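# Inside the fold
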Amino acid sequence: MPYVSNEEVTAAVQDRSSEQPAAGRVARILDSDLFHSFLRSKITVVAAVATLILFLLSFLAPWVAPHNPFDLATISILDARVPPIWQEYSDPRFILGTDDQGRDLLSGIFYGMRISLIIGFCSVIAAAVLGISLGLVAGYMGGRVDSFIMRVADVQLTFPAILIALLIDGIAAGIFGGVDREFFAFYILIVSLALSFWVQYARTVRGSTMVEKNKEYVQAARVIGIPSVIIMVRHILPNVMGPVMVIATINLALAIVTEATLSFLGVGMPPTQPSLGTLIAIGNDFLYSGEWWIAIFPGLALALLVLNVNLLGDWLRDALNPKLR
Amino acid sequence: MNVLDIKDLTVEFPGRKSVFVAVDDVDMSVDAGKILGVVGESGAGKSTVGNAVIGLLQEPGRIAGGEVFLHGKRIDNLPYKEKRLLRGRKIGMIFQDPLTSLDPLQTVESQLVETIRTHLPLSAKDAQKRAVELIDAVGIPNPGERIKQYPHQFSGGMRQRVVIALALCAEPELVIADEPTTALDVSIQAQILELMKKLCEERNVAMLVITHDMGVIADITDHVAVMYHGDLVEYGETTQVLGAPQHPYTQSLISAVPRPDVKVERFPVVNYIEKAGTPQKHIDISTHWLGKSRDYEKISGPLVQIRDLDMRFEVRGSVFPSRRKYFQAVKKVSFDIQQGETFGLVGESGSGKSTIARLITGLYDPTGGSILFGKTELTSLKNRKDVLAMRRQMQMIFQDPYSSLNARMRVRDIIAEPIKFHKLASGNAEVRQIVDDLLDHVGLGAQAGQKFPHEFSGGQRQRISIARALATRPRFLICDEPTSALDVSIQAQILNLLKDLQEELGLTMLFISHDLAVIRQMCNRIGVMRNGELCEVSDCDDLFERPQHPYTRELLDLMPSMELLSRANLETS
Amino acid sequence: MIGFATRRLIQALIVMLVVALLAFTMFRFVGDPINQMVGIETSIEEREALRERLGLNDPIPVQFLRFVTKAAQFDFGTSYQFRQPVSELFAKRIPATLELSLTSALFALVVGIPMGIYAGLNRESPISKLFLSVSLVGISLPTFFIGILLIFLFSVTLQWLPSFGRGDTVQIGSWWTTGFLTASGLKALILPSITLGLYQMTLIMRLIRAEMLEVIRTDYIKFARARGLPDRLVHFRHALKNTLVPVITITGLQLGAIIAFATITETVFNWPGMGLLFLQAVQNVDIPIMSAYLLLTAFLFVAINFIVDILYFYIDPRLRVGRP
């Protein structure tokens, strides 16, 4: 069927911009529409800088934190529940005050954020690998393989991630019977988060794969005789990564929130290795007795981290969506 | 007085780097009962003219200068509300794709009635009556019943009739039709054009038809405006402009239109738009890799023999075999392709011609019949090595230049992939050299290899596709609508290139197209397909001069007449 | 219509069976049910007798069948921690969870939908941008932290509203207790339902906005404008109705999610609902409650999905009327 693009104007504009001489890689990135839309949105720039600072603070926690909250030698129960420095009875050593065991809250937040971030990244990567592989296979193979994978995804999608994570956690606790819970908690969290979030990747990748599969460049590769696995990895995968990046960013925020929630509910990280959620859970007990800072400061740190990541994800989604440009 | 007058219209789209002038200082006018055609290739700004008149320019476009008058009253500077009242009431609009122009969730009646009652002071009952009359007037049988239906219950051609009825709801003085028949098949296109011409005369409406198709212009317009990159290059009576074009662009554009009535050896090179792709460096095929070691088994007789080929697709799956529904895409098709010839397959959309191409290349497995390539039966090949040996001998060029290249790969890697995969060269240096030569040979130049596909225009991308297809040194090339997404001038270049390559390399070709004129220029023998069946196979000239099958005759009759078009610069064979 | 509904019903049944299989696997194989029921001093013979009596030595398919039959009659076994039938425990707590979920769902829909429509239609207006920023904060704040902030502000600092429990409740019928009819019950409902509904509200708002933006760009909306239809008709008759299909799906899923998220809210506000019960079960590995909760929520989700599918059928004529 003959086809004439309705958007001849856009096409013409693009034609003209392609007349520019080919520049180096860095120059091309700096000149790309993506980068320009990034600079245009001031909020996004602020969010990117803030995210970077938060990441640095948490990954460099052992060097930048004023105290080591895990070093029992430096902790004194006499310093417990000291308020932040602008309040009465404060201690200049503890800017944001201390928790119930006398640990410096600011340092605790840095270390806690580090644990939250590591769990977030690991679970996002695990979920992405699982989801992308299954989505590629389902979308490319079609037929029974596809219906099986997607039925599983559909059933799972009817349950919110938090519920699945809770269930997996409960089952794991049942299997390991409470032994070495402190040791396993970290891995159980990653597995349960990954198993709760893979569906989104799989569905998105499957959808894009089904579109790409019918595009003529894939047919051309098949006519050349290239085997399916190579077509999937070399040809289709790079073309479906755009939406995956968006999901991964938004899921990083979601994973951090879910991890915090699980820890808050007492089924995540134990108090000996506190993540932000654990810190808030500890602080929650002291909320009514006036020691509000123990819960509120870690909570604000969590909100700040998640908000910035979400801002980046939001911008990325709009910037990569050609329809909204 | 003219119904529509456009004076010095300039439309700009401010971009990130510069302001893009889509329409530059354009004048034109239409009288009641007359049709003005605006013709041009992509990027000419023809749609922008229509959108500017009706006040629906896409953001961030704006009218930067000039005036638009409707019956002598200036309309381009009216406030939003008054402009809105003009739309539908005084100016009707018809869009390109009837499948997406109607709200899928509302009945045809409710869409008609709401439009009528927006513009005319009628009661619901009278509006309903008028809606039925309109549906009747656009030639939809059984209007009283069909009007209660939803858009998805109408075929494409019928939906376009509904769209026309909607445009005529309030008896507008001007109708703007933007590519009204581009999404339709030839036979439907002819009916819609006839309807538009009839309505224009009967209702004394002025019509502005925007199209890329010279056939449409020749068929129905009284006046024509030829646009090129935002400029109006020629404007006048249709017979005048088409018969004796003055401007060099119009001349080359008209000579590039493939014609069913004359067969040309080569299309005249149109170097007005895109640099015609002449090889910068000639490679000697007799000694070059491309022409060497064509170590295929010798075959006597036809290269491809297709017997009783059958293909059906499952439309609705079910656990119960009796409840499954199938679509028979190809029915008992048999034909031969001789070595060295170009065999054409022509038919409307859904006729099964592309399915045959995909069956031969192994993208689909046939449900019945046999495909003999030389002495090898393709449908029973199991051994992977044999399959690959066959794949290497046949390659395919696809329709859509925008999706047939992987956007994430450099052009060099795209072309090198088949060479490396089939291990046709001895080392990376040789592969590199071959890729450079191939790019040169299809007229792009070796430096094109470093770029990504999006840096090329549609015609250039089709050249890359051709280079990729040649990279396995095939002896059989399938071209599936290779030029139907391209502008006519680019189409002429690509067709010339294909002709040259076939001659040089002695390729056998299967050429698939919906366009009889293109088929005539390219093919030695032609098969006509309809609804999965092969109606007729005959020699090219016989088919056009002495068609046997009634369907072939019907197709030939429906073709827009090109007799108006100037015959200057044509080398006929 | 009947064929469509039957197909969907069969699909729903299959999903329920799969979930039941999961619940059964959990019930039967995670930990030893006998160990949980008896004390340490019980002899091996007694254990074996109990095992036989409970049918734990029967073939697995028979056990599964028994499990499903019992579950269909709301018999989910006995809780390990409370030594009470799970169904009784649930019956006591269902009203609390349902009242909380309904209130917050209502809040999410009533506030979220108009905000979404407004932001979708007026993409560039400052109010839309404000809505969007607020919604971003809304999805970034974890539910439990919103609860903590609200408690800190309205209960601890201002002391306006209670921070835990349901307040006074009224008994209706044999087992339903409602907090809707007393002043303290209503007051107790405010903070938890805002906490629970805020996240869903922002999601619904963002979804409707995104769908609106998408639909506004379609050809039929452009054609409706080109016919001169007034904005009111274009926006509400054509655009809004076409956004409904995806919006209903996600909204349905979100309403299901509210029940699950209630777990968190109930913990923060000590709300005596099913979620709190479930969480205690997870912490104490009380498998019968966990598997029953899984089945019950699955049933709710499947029911909501079924209703959503039927709604589609009424909205979209392409499903209802075949091609000629």
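Throughout what follows, the structure given in this document is the object of discussion. Going along each chain's sequence as written, the residues are numbered from 1 onward. Here the convention is simple: chains get letters from A, ligands get numbers from 1, in the order in which they are written. Note on the predicted model: pLDDT of at least 70 is required for a residue's local features to be given, and 80 or more for side-chain atom pairs to be given and counted; whole-chain, interface and lining totals, by contrast, use all residues. Heavy atoms throughout the structure, all of them, feed into the side-chain values; hydrogens and water do not.

## Examining the sheet that holds strand 14 (residues 368-373) of chain B
Strand pairs in the sheet, formed through backbone hydrogen bonds, run parallel or antiparallel to each other. All names here are of chain B. Put simply, the rule reads: DSSP bridges decide pairing: two strands pair if at least two such bridges lie between them. Secondary structure elements are taken from DSSP: a helix is a run of H or I of four residues or more, a strand is a run of E of two residues or more, and numbering for both begins at the N terminus.
Spatial strand order, 12-11-14-15: four strands in an open sheet with antiparallel pairing. Since the sheet does not close on itself, it has two edges, and those belong to strand 12 (325-337) and strand 15 (376-377), each with one partner. Where strand 11 (residues 304-316) and strand 14 come together, five bridges link them in antiparallel fashion. If you follow Gln305 over to strand 14, its bridge partner there is Leu372.

## Some thoughts on the layout of surface pockets
Residues and elements named next belong to chain C. Heads up, the condition is: Every definition here rests on a 1 Å grid over the protein atoms only: cavities are sets of points where a 1.4 Å probe fits but cannot get out, pockets are open sets enclosed by protein on both sides within 12 Å along at least five of seven lines, and lining residues have some atom within 4 Å of a point. Grid points are joined across faces, edges and corners, and a volume is the space filled by probe spheres set on the points. Note on residue categories: nonpolar means Ala, Val, Leu, Ile, Met, Phe, Trp, Tyr, Cys or Pro, charged means Asp, Glu, Lys or Arg, and polar means any other residue, Gly included. Where each domain begins and ends follows an automated or database-derived domain assignment.
Estimated volume of the second largest pocket: approximately 690 Å³. Lining of the second largest pocket is provided by 25 residues; of these, Met16, Ala71, Phe74, Leu295 and Phe299 occupy positions nearest its centre. Take the lining of the second largest pocket: its biggest share by element is seven residues, from helix 12 (residues 287-315). Of the residues contributing to the lining of the second largest pocket, the split by class is 24 nonpolar, one polar and no charged. Of the residues that make up the lining of the second largest pocket, three or more belong to each of domain 1 (2-72) and domain 2 (86-319).

## A look at the pattern of salt bridges
The line we're drawing: Salt bridge, as used here: a side-chain nitrogen of Lys or Arg that lies within 4 Å of a carboxyl oxygen of Asp or Glu. A 1.4 Å probe rolled over the protein chains alone gives each residue an accessible area, and that area as a share of the maximum for its type sets the label: buried under 20%, exposed over 50%, partly exposed in between.
Per the stated rule, a full pass over the model turns up 24 salt bridges over all chains. The residue Arg234 of chain A makes a salt bridge to Glu417 of chain B at a minimum N-O spacing of 2.6 Å. Note that Arg234 of chain A is positioned in helix 11 (residues 228-264) and Glu417 of chain B in helix 13 (residues 411-421), a pairing that runs across two chains. Judged by relative accessible area, which is 41%, Arg234 of chain A ranks as partly exposed. Under the relative-accessibility criterion, Glu417 of chain B is labelled buried at 8%. The salt bridge partner of Arg520 of chain B is Glu545 of chain B, with a shortest N-O separation of 3.1 Å. One end of the pair, Arg520 of chain B, is in helix 17 (residues 516-522); the other, Glu545 of chain B, is in helix 18 (residues 540-545), and 25 residues separate them in sequence. Judged by relative accessible area, which is 5%, Arg520 of chain B ranks as buried. The network of salt bridges with shared partners includes Glu67, Arg74 and Asp76 of chain B.

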